[in-house]
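Architecture and fold: a report
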Amino acid sequence: MKVAQVSNDTIKINNVPDEELNGRKGAVVKVLGCGLCGSDIIKFEHKTVPAGTVLGHEIVARVLEINSDTDFKPGDVIVTTHHIPCGTCVYCKNGNVSMCRHFKETNIFPGGFSEKVFLSEEHLQNVAYLKPENLTEMEASFYEPLSCCVRAVRRAKLRAGSDVLVLGLGSIGILMSQALKASGMKVLGCDILAERVEVLKGFGVDAVTNLPPDYRPDAVFLTAGADKTVEIAIKTVRDGGKIVVFASTPDSFPFPNNEIYYRELTVMGSYSPDLCDMRESLELLRSGRVKVDGLSTVYPLEELEQAIRDTKNAKIMKAYIKI
Ligand SMILES: [Zn+2]
Ligand SMILES: [Zn+2]
């Protein structure tokens, strides 16, 4: 089968032996498509994964072969992803599922950017769902990234009706804005790119390229990986407000101790989803409360590297690798 493997500065398409069940519990699925995540791009660019790694975890696939206690059967089209929290460790018990060691270790083989993937029984039982019939494969591929946003919204514990600014309207900012709105917040999206502002407005959420001068939101969600946005977030959030960090930045900053202390700010990070966020994410997509039509651009597996470049250069919002 064909796989797209990280190989130093490039991505190579190689042939490797097919994934097979070989008596194991779990399923072998034919990948139909896989979304390209910002975290895939960072792993590739910062070379944090070894050569030969197959990235991709926002998977839509058809079940080929299965040996499982679940109800999935051959032919089912499912959505799935890679990491699963254990539910019992100190991190899980305190709601920090992204820090769970089991979560970090669990994976799919070899990765979403390949023709076939092996899913363990644990994956089938916890993070795989039938693709809702009213969603296209591409729409359903937003199940995992949206679930990350759902968790960030939940973790922020904002009062209904709070004013929330989403800074950065890439695909994650667009999802985050809609997830916040769906949970009852008054959302304003902001991006320097006018076409991205228009995309969010098209989904029924207010958005601007320049913030109103007296705007002091209760919370700011940082969904752009730019240094400048950190400064804007601290300056804009109201005294006593929250900043939710959902993007890495090129530089690290001195800890703004006095701003946080004197203005009683809460700064928090949020990364990956818990199981309940995944269920809610799929329901938000199925019900149309979060819309994703038109967000993705399709690339064949052979053009994964081009898709990475185009996403990085903001030529596209989101890449869907059709396999
Ligand atoms: Zn992702
Ligand atoms: Zn755990």
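Packing of helix α6 (residues 143–156) against helix α11 (residues 275–286) brings their axes to within 8 Å, and their N-to-C directions diverge by 115°. As summarised for this structure, α6 and α11 are arranged roughly perpendicular, according to the angle between their axes. Classified by chirality, the crossing of α11 by α6 is right-handed. Contacts between α6 and α11 involve Y143, L146, S147, V150, R151 and R154 on the former and, on the latter, D277, M278, E280, S281, L282, L284 and L285. Split into classes, the residues belonging to the contact of α6 with α11 amount to 7 nonpolar, 2 polar and 4 charged.

Moving on: the pairing of strand β1 (residues 2–7). Strand direction decides the pairing type here: β1 and strand β2 (residues 10–15), joined by 6 bridges, are antiparallel. Within β2, the position partnered with S7 by the bridge is T10. The antiparallel pairing of β1 with β2 creates a hairpin that spans 2 residues between the two strands, and N8 there sits at a positive phi of about 55°.

On to the domain arrangement of the chain. When cut into domains, the chain gives domain 1 (2–142 + 292–322) and domain 2 (149–269). Its C-alpha centre places domain 1 at a distance of 28 Å from the equivalent point of domain 2. Between domain 1 and domain 2, the residue contacts involve 7 residues of the former and 7 residues of the latter. Here the side of domain 1 that touches domain 2 is built from residues that sort into 5 nonpolar, 1 polar and 1 charged.

Our focus in this paragraph is the nonpolar core. Core analysis: the biggest nonpolar cluster contains 93 residues, and F221 and I321 have the highest contact counts within it. For this core, the element with the most residues is α6, which contributes 8 residues. A domain split of this core shows at least three residues from each of domain 1 (2–142 + 292–322) and domain 2 (149–269). If we skip the residues at most four places from it in the chain, F221 touches A152, V164, V166, L167, M176, V244 and F246.

Tracing the backbone through its elements, the reader meets L284 in helix α11. Among all residues touching L284, those that are not within four sequence positions of it are L146, A179, A182, R289 and V290.

Moving on to the sheet that holds strand β9 (residues 186–190). The strand order β10-β9-β8-β11-β12-β13 describes an open sheet built from 6 strands, whose pairing is parallel. Sheet topology places β10 (206–208) and β13 (266–269) at the edges, where each strand pairs with a single neighbour. Put simply, the sheet's adjacent strands are angled 20° from each other on average, direction ignored. Sheet topology places β9 next to β10; 3 bridges connect them, and they run parallel. In the sheet register, C190 faces β10, and the bridge partner there is V208. The sheet contacts of helix α8 (residues 194–202) involve β9 and β10, and relative to β10 the element is tilted by about 170°.

What follows covers helix α1 (residues 38–45). All of the buried residues in α1 are G38, D40 and F44. End-on, the buried residues of α1 take up no more than an arc of 160°, which puts them together on one face. The secondary structure elements touched by the buried residues of α1 are β1, α7 (171–182) and α12 (304–312). Immediately downstream of α1, the backbone of K47 shows phi near 50°, a positive value.

Basis of the calculations
Residues numbered from 1 in each chain as written. Chains lettered and ligands numbered in written order. Predicted model: local features only at pLDDT ≥ 70, side-chain atom pairs only at ≥ 80, totals over all residues. Axes fitted to C-alpha atoms, helices over the stretch in contact; angles between N-to-C directions. Helix = DSSP H or I, 4+ residues; strand = E, 2+ residues; numbered from the N terminus. Parallel < 35°, antiparallel > 145°, perpendicular 65-115°, else oblique. Left-handed = near helix turned anticlockwise from the far one by under 90°. Contact = placed C-beta atoms within 7 Å. Nonpolar A, V, L, I, M, F, W, Y, C, P; charged D, E, K, R; others polar. Pairing = 2+ DSSP bridges. Domains from an automatic or database assignment. Core = buried A, V, L, I, M, F, W, Y, C linked by C-beta atoms within 7 Å. Buried ≥ 20, exposed ≤ 12 C-beta atoms within 10 Å, placed from the backbone. Arc of directions from axis to C-beta.

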